[in-house]
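Coordinate analysis (summary)
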Amino acid sequence: MTRSHVYLTTTIPYVNARPHLGHALEFVQADVLARHYRRRGNLVRFQTGTDDNSLKNVLAAQAAGVRVQDFVDANAAAFVALAGPLSLSVDDVIRTSGDPRHRAGVERLWQACADAGDLYRKFYEGLYCVGCEAFYAASELDGGRCPEHGVRPQLVAEENWFFRLSRYEGRLRDEITAGRLRIEPAGRRNEVVGFIAGGLADFSVSRSTARAHGWGIPVPGDPGQVIYVWWDALGNYVTALGYGTDEANLHRWWTGAGRRIHVLGKGVLRFHAVYWPAILASAGLPPPTEILVHDYLTVEGRKISKSAGPLVDPAALAADYGTDALRWWLLRDVPRIGDTDFTRERLVSRVNDELVNGIGNLVNRVLAMVGRYRGGLVPAGYGPAPGADALADARRRAPALTDAALAVGDFRQATAAVWAVATEANRYISQTEPWRLAAAERNGDRRAGQHLDAALSGLVGTCRDLAGQLEPFLPDAAARIAQRCGTPGGRVQGQRVQGQRVQGQRVQGQEPIFARLRPSQPGRP
Ligand SMILES: [Zn+2]
């Protein structure tokens, strides 16, 4: 059965430089979805890769005076290595240079579109931005400059292969308006629908081998031309699954899969929401089911650039502040719509407010009270405690709220549902004042003792719940909380505390779940 299969991808970054914080945002978003759907019982394949065949890589390697393959190998290794510091649960990485699955698949994709009559040669003259690897119409430029890169595009005139995009106008519009291809957020869907309504022109899908500096995959049967890098890069989503090399696997994760989800940045929306589904349609393959688009990060008020160095290096930030802290900032401080400015101060205050004072403090308080009042054994077998209705509500509602938010790629909303549970639990402790129940119990009030048992039992249950619900967002912290709080149904022990017999499961640990961060002196928690 493949309907429960979820195939989830990030875009494959150019490896003309080392990874920056913007890449981390996309990786962490996709990782949260992968972990979330696994928890919901889906079979998930979380796919990433690197775009090695870009002309940008060639130019950057030449500027650095390094062989192209050595240059892309070194940068690609830095991207792959991010899985550690970001705690990414990646299942597979495809590199478009050298991976035997890729070239065979791209050639097959080309052939399938050629067989459909959708590829033809045409003389072409256009304005080309190397940064975007794309042609621009004069009307799309910003004062004659590329809207993404702010540089003047070069005039390119040559005979290239073209893809008959115009043929797929109606079909693309139908797929999007019928929701077979869902684009989130809605503003981005409207942008795509508007672009299609403006009329789709055929686009160039190859360039001369000379202009490509001989780098990339040659057009089958036309060695003077190299397949345009976007075609090549988009192809990774199916070549990684075995398109052209492993039909059974392709069926499992693409043709027969229930969901095919691409996570991407706003700058590459048109390639993914227009060109890619059209190429797939031409090749007789179904479109992605969902496209989740994120906006950009700036750092200290500036666009992220290579010269920003360690300030935007996700591995360095994770080393300074910890993986949980960096992930929490990316998920909690970045709204669904709009660019977000990263500063160390914002990360530190978000983490101290919510992880240290909120969730961490909750778990530590609860475990300390279980230690103090019940010798570290969680009272077992108690029903809902008096006054815990609001907390019970927050716990009950959180999973559905998280599901709904993640379905539209709203990570801030999703974490808000989990955060609400911690807030309610802390409020419940302030209202219940377990220390007063403990004092009354010591003075012989048995009902207070039963109330305390029920409260502690419910609070440990809440912390276990939080560990589960946090897992997609903060896998490392979730594991620490779960380890301290034990699992429901664990071994029940008995002991005497202050002359009374206590029975329950053991919980442990005094160490804080999260260490408080200081902005001026970054320290590993
Ligand atoms: Zn550009």
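The preceding data block contains the structure.
Below, the structure is looked at part by part. (Residues numbered from 1 in each chain as written. Predicted model: local features only at pLDDT ≥ 70, side-chain atom pairs only at ≥ 80, totals over all residues. Heavy atoms only, no water.)

Some words on the overall build of the protein chain
A tally of helices and strands in the protein chain yields 18 helices and 19 strands. Principal-axis analysis of the C-alpha atoms places the extent of the protein chain at approximately 95 × 50 × 40 Å. Looking at the protein chain residue by residue over its 525 residues, the buried ones come to 56%. Here the contacts in the protein chain between residues at least 6 apart in sequence split such that 78% fall between residues at least 24 apart. Summed over all atoms, the accessible surface of the protein chain reaches about 21300 Å², with 50% contributed by carbon and sulfur. (Helix = DSSP H or I, 4+ residues; strand = E, 2+ residues; numbered from the N terminus. Buried < 20%, exposed > 50% of the residue type's maximum accessible area, 1.4 Å probe, protein only. Contact = heavy atoms within 4.5 Å. Areas by Shrake-Rupley, 256 points an atom, 1.4 Å probe, with all protein chains shown as cover.)

Focus: the packing of aromatic side chains
Per the counting criterion, the structure on display carries 16 aromatic pairs. Relative to Trp161, the ring of Trp110 lies with its centre 6.0 Å away and its plane at 80°, an arrangement referred to as edge-to-face. Here the residue Trp110 occupies a position in helix H4 (residues 100-115), and Trp161 occupies one in strand S6 (residues 154-163), the gap between them amounting to 51 residues. Of the two residues, Trp110 and Trp161, neither departs from the other in class, the shared state being buried. Ring geometry for Trp329 versus Phe342: centroids 4.9 Å apart, planes at 85°, classification edge-to-face. (Phe/Tyr/Trp six-rings, centres within 6.5 Å; stacked < 30°, edge-to-face > 60°.)

Quick look at the coordination of the zinc ion
For the zinc ion, the full set of protein donor atoms is Cys129 (SG), Cys132 (SG), Cys146 (SG) and His149 (ND1), at a range of 2.1 to 2.3 Å. Seen from the zinc ion, its 4 donor atoms lie at angles of 97 to 117°, and the figure they make is tetrahedral. (Donors = N, O, S within 2.8 Å, 3.2 Å for Na, K, Ca; no water. Tetrahedral: all angles 85-135°; square planar, octahedral: opposite > 155°, others 65-115°.)

Some points on the environment of Phe411
The topology assignment puts Phe411 in helix H15 (residues 411-432). The residues contacting Phe411, other than those within four sequence positions of it, are Gln29, Val32, Leu33, Leu331 and Leu406.

Brief notes about the sheet that holds strand S16 (residues 340-342)
Strand order across the open sheet formed by 3 strands is S15-S14-S16, with mixed pairing between neighbours. Two strands in the sheet have a free side with no partner beyond their single neighbour: strand S15 (302-303) and S16. Looking at chain direction, strand S14 (residues 297-299) and S16 are connected through 3 bridges and run parallel. Across the sheet, residue Leu297 finds its bridge partner in S16, namely Thr340. (Pairing = 2+ DSSP bridges.)

Quick look at the environment of Ile12
Along the chain, the position of Ile12 falls in the loop between strand S1 (5-10) and helix H1 (21-39). When neighbours within four sequence positions are excluded, Ile12 is seen to be in contact with Thr48, Gly49, Thr50, Asp51, Thr96, Ala233, Asn236 and Tyr237.

Observations regarding the pattern of salt bridges
Going through the model one piece at a time under the given rule, you end up with 37 salt bridges. Residue Arg395 pairs with Asp465 through a salt bridge whose shortest N-O separation is 3.2 Å. Separated by 70 residues along the polypeptide, Arg395 in helix H14 (residues 389-407) and Asp465 in helix H17 (residues 446-470) bring together distant segments of the chain. Of the residues examined, Arg395 reaches a relative accessible area of 24% and is grouped as partly exposed. Here the residues in one salt-bridge network are Arg332, Asp333, Arg346, Arg350 and Glu354, joined through shared partners. (Salt bridge = Lys/Arg side-chain N within 4 Å of Asp/Glu carboxyl O.)

So, the nonpolar core
Core analysis: the biggest nonpolar cluster contains 162 residues, and Leu21, Phe163, Trp231, Trp254 and Leu347 have the highest contact counts within it. Considering every element that reaches this core, the biggest residue donor is helix H13 (residues 344-374), with 13 residues. Each residue touching Leu347, except ones within four places of it in the same chain, is listed here: Tyr321, Ala325, Leu326, Trp329, Phe342 and Leu517. (Core = buried A, V, L, I, M, F, W, Y, C linked by side-chain atoms within 4.5 Å.)

Re the sheet that holds strand S10 (residues 218-219)
With antiparallel pairing, 3 strands are arranged side by side in an open sheet as S9-S11-S10. With partners counted over all chains shown, the strands left at the sheet margins are strand S9 (206-208) and S10, one partner each.

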